[in-house]
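If you want the building blocks of each chain, they are given just below.
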Amino acid sequence: MTEKMELKSVEVWDGNLAAAHSLRQAQVDVVSAYPITPSTPIVENYAKFLANGYVEGEYMMVESEHAAMSGCIGASAAGGRVATATSSQGFALMVETLYQASGMRLPIVLHVVNRAMAAPLNVNGDHSDMYLGRDSGWIQLDSFRQQEAYDLGLMAFKIGEDHGVRLPVMVHQDGFISSHTAQNIFPLSDEVAYSFLGDHQPFNAMLDFEKPATYGAQTEENWHFEHKAQQHHDLMTKVFSKVEEVFAEYEKISGRKYRIVEDFMMEDAEVAIIAMGTTVNSARLAAKIIREKEGIKAGVVGIRLLRPFPFEQIKEVLKDVKAIGTLDRSSPNGTVGMLHNEISGVVIENEKVPAMKNYIYGLGGRDITIQMLQDIFKELDVSAKAGKRVGPIQKFINVRGPELSFLGK
Amino acid sequence: MLEIRWHSRAGQGAVTGAKGLADVIATTGKYVQAFAFYGSAKRGAAMTAYNRVDDEDIINHEKFMNPDFVLVIDPALTYTDDITLNEKDDTKYIITTHLSKDDLIKSQPKLEGKDVYVVDCMRISQEKIGKAIPNTPMLGALMKISGMYDIDFFKEKMLEVLSKFPQKIIDANMAAIETAYNEVE
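Now for a description of the structure that goes with this document. (Residues numbered from 1 in each chain as written. Chains lettered and ligands numbered in written order. Predicted model: local features only at pLDDT ≥ 70, side-chain atom pairs only at ≥ 80, totals over all residues. Heavy atoms only, no water.)

On to the pairing of strand 6 (residues 139-142) of chain A. Consecutive side chains of a regular strand alternate in pointing toward one face of the sheet and then the other. Residue and element names in this part refer to chain A. Of the two faces of strand 6, the one carrying I139 and L141 and the one carrying Q140 and D142 are both buried. In this structure, strand 6 lies alongside strand 7 (residues 169-174), joined through four bridges in parallel fashion. Residue pairing across strands places L141 opposite V171, the latter belonging to strand 7. Where the polypeptide runs from strand 6 across helix 6 (residues 146-160) and back to strand 7, its parallel neighbour, the crossover connection is right-handed. Relative to strand 12 (residues 305-307), strand 6 runs antiparallel, the two being bridged by two bridges. (Buried < 20%, exposed > 50% of the residue type's maximum accessible area, 1.4 Å probe, protein only. Helix = DSSP H or I, 4+ residues; strand = E, 2+ residues; numbered from the N terminus. Pairing = 2+ DSSP bridges. Right-handed = clockwise from strand over helix to strand, strands pointing away.)

The subject of this paragraph is the pattern of salt bridges. When charged atoms on two side chains of opposite charge get close, those side chains can pair. Residue and element names in this part refer to chain A. Tallied over the full model, the rule gives 39 salt bridges over all chains. For K257, the salt bridge is made with E251, and the minimal N-O distance between the two is 3.9 Å. Overall, E251 belongs to the partly exposed group, its relative accessible area being 31%. R259 is the partner of E262 in a salt bridge, and the nearest nitrogen-oxygen pair spans 3.3 Å. Take E262: its relative accessible area is 5%, and that puts it in the buried class. The network of salt bridges with common partners includes E148, R259, E262, D263 and R304. (Salt bridge = Lys/Arg side-chain N within 4 Å of Asp/Glu carboxyl O.)

This paragraph deals with the interface of chain A and chain B. Of the residues lining the interface, 25 residues belong to chain A; the matching set on chain B comes to 21 residues. Taking both partners together, chain A and chain B bury about 1900 Å²; carbon and sulfur atoms supply 53% of that area. When the buried surface of chain A facing chain B is broken down by residue, V12(A), Q183(A) and N184(A) rank first, second and third, together holding 23% of it. For K19(B), the salt bridge is made with D14(A), and the minimal N-O distance between the two is 3.2 Å. Residue assignment for the side of chain A that touches chain B shows that the elements contributing at least two residues are strand 8 (182-185) and helix 10 (278-294) of chain A. Looking at the side of chain A that touches chain B element by element, the count peaks at five residues for helix 10 of chain A. Class assignment for the residues of the side of chain A that touches chain B results in 10 nonpolar, 11 polar and four charged. (Contact = heavy atoms within 4.5 Å. Buried area = accessible area lost by both parts, 1.4 Å probe. Nonpolar A, V, L, I, M, F, W, Y, C, P; charged D, E, K, R; others polar.)

All names here are of chain B. For helix 6 (residues 151-161), the set of buried residues is I151, F154, K155, K157 and M158. Taken around the axis of helix 6, the buried residues stretch over an arc of 165°, which confines them to a single face. Of the residues that open helix 6, the one with a side-chain oxygen 3.2 Å from the backbone nitrogen of D152 is D150. (Arc of directions from axis to C-beta. Polar contact = N/O pair within 3.5 Å; in protein donor to acceptor, adjacent residues only side chain to side chain.)

All names here are of chain B. In this model, helix 7 (residues 167-183) (17 residues) spans 24 Å end to end at C-alpha, consistent with the 24 Å of a helix rising 1.5 Å per residue. Residues I170, A172, N173, M174, A176, I177, T179, A180 and Y181 constitute the buried set of helix 7. As for helix 7, its buried residues are in contact with strand 6 (115-119), helix 4 (121-128), helix 5 (135-146) and helix 6. (Expected span 1.5 Å × (residues − 1).)

Our focus in this paragraph is the packing of helix 6 of chain A against helix 9 (residues 239-254) of chain A. All names here are of chain A. Two elements in contact, helix 6 and helix 9, have axes whose closest approach is 10 Å; the angle formed by their N-to-C orientations is 130°. Taken together, the axes of helix 6 and helix 9 lie oblique to each other. Crossing geometry of helix 6 relative to helix 9 is assigned as right-handed. Packed against helix 6, whose contacting residues are Y150, D151, L152, L154, M155, K158 and I159, the element helix 9 presents K242, V243, V246, F247, E249 and Y250 at the interface. Looking at the contact of helix 6 with helix 9, its residues break down into nine nonpolar, no polar and four charged. (Axes fitted to C-alpha atoms, helices over the stretch in contact; angles between N-to-C directions. Parallel < 35°, antiparallel > 145°, perpendicular 65-115°, else oblique. Left-handed = near helix turned anticlockwise from the far one by under 90°.)

As a further point, take the nonpolar core. Grouped together as the largest cluster of nonpolar side chains are 69 residues, with contacts concentrated most on I139(A), L141(A), M155(A), L318(A) and I343(A). The element best represented in this core is helix 6 of chain A, accounting for seven residues. Each of domain 1 (11-186 + 221-254) and domain 2 (261-406) of chain A contributes no fewer than three residues to this core. Residues W6(B), I25(B), A49(B) and Y181(B) belong to the second largest nonpolar core, which totals 44 residues. (Core = buried A, V, L, I, M, F, W, Y, C linked by side-chain atoms within 4.5 Å. Domains from an automatic or database assignment.)

Right, let's get into the side chain of H127(A). The residue H127(A) is located in the loop between strand 5 (109-114) and helix 5 (128-132) in this model. Residues within four places of H127(A) in sequence aside, it is in contact with N114(A), D174(A), M276(A), G277(A), R329(A), S330(A) and Y361(A).

This part takes up the sheet that holds strand 3 (residues 58-61) of chain A. Residues and elements named next belong to chain A. Spatial ordering of the open sheet is given by 3-2-4-5-7-6-12, a layout of seven strands whose pairing is mixed. Looking at strand neighbours, the two that pair on one side only are strand 3 and strand 12, the edges of this open sheet. Direction aside, neighbouring strands of the sheet carry axes that sit 20° apart on average. Against the sheet, helix 3 (residues 65-78) engages strand 2 (30-33), strand 3, strand 4 (82-86) and strand 5, with an angle of about 165° to strand 4.

Take a look at the structure:
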């Protein structure tokens, strides 16, 4: 029997501890991990909970992140509920195995505490690692604050383990800004959290000797394409409804409402910021202030589900907006930012095509202030009023040196 | 929104102090935030920690801050850190020093005309706790200067925050909080 942990209705936890408690409450069977800053405390705390009898499971210490995810793949194929955590360089070393996990349709949960990619070496938060994972066939959920890393951390199991979905799920949170910042967290009780998930029901478990199964088969030109097509088909057609269903169920037990696309003050918005991570929250504050101070009709769209990409939902939310700023926290290294590309592909399907501007910000943990976000809204308002984009397409903000901008000048 | 910036050296307990303060404040129904800039700083390196407190949910994730209180828990940082950075007209400074307030201001003239309070958290923590961990005494001084909570209420809540420690350490910290509360001026 595992020990129950008595939690207060309000805890002061950082995002890492919040995520660790979601693993404990899900009673994860196997964590195979190679700790890396800033995600370390997630697996460290799971190991502590395990050692103190709060989880019945197994902690596998391995020699690299490649081995960590390989261990997760084996444990998940065997039939266990499996999770791990990583960041940055560790995530990069995992990439090869990420494709294995999704291709074998294994519902592993991976907490990615977003951190910059070297060189130069940097332990702070940006979205380079999250962007690196976007073609890997995983479901990617993004939290904008610590509470959400906990909530999504629980919901990830229910989404990925569903037999109609059977896909691994990443839960992202911003390194340090979320992972190491303590705020009020409203946890569920252990009983409520576990009964929300229920026991893991493995699908074609390798430890079921009555029903032998093969994982990781080779398929050449004859079948490879069909397998990939089926995976894409399931991502495009099965995940959205499942995510919505799980969000709705979770709202019933937590009172917290989640949506695939988190629009804020968009009903009458003329200008919008599209962002991910903690910047979504800060941009909401900036939108409120700029509406009061300058009367600019500002709104914010936060991408809760990055993969599969909620094309139709975003299209609907952006149908009346006049100017959009896409905020990318990752160096695009030679083109526009990922969000700019994705959102542009959406809005050309609308009758009214807005002016589009791309802002590169916050690399390696560089601050984005509420004032800077207000300035972006003001700049977007100029384009909205002109009825076309004014100024260059891409601009770097809060970087040293003269203004750095590219394209469309 | 109440905002606090701590100036500390890594290892002196500013992060623990900021989180402990957040823990106490959260029990009163307020919203809190506690964070630090440390990167890969080593023990002894200058660092800053931060608190935000509000009656409403805190959705601000910027690192930038115009602090209401600046808490300096290492005496040398008054001279080597930019402790007046992004200050407001009414920012209050609580500074760890063995000097009197007048002598402190003479030694660091940029504090002239500012709302400065002094307390020797180093001596207090060495006397009461037996180690130079000046974080808890600073919380006692903050309670006095801010009037945030009644000292008895604060100590009662700190008991819960410190409950995982041995009784001897809890008692020593309580004495340090009380002494700093009485001595800050």
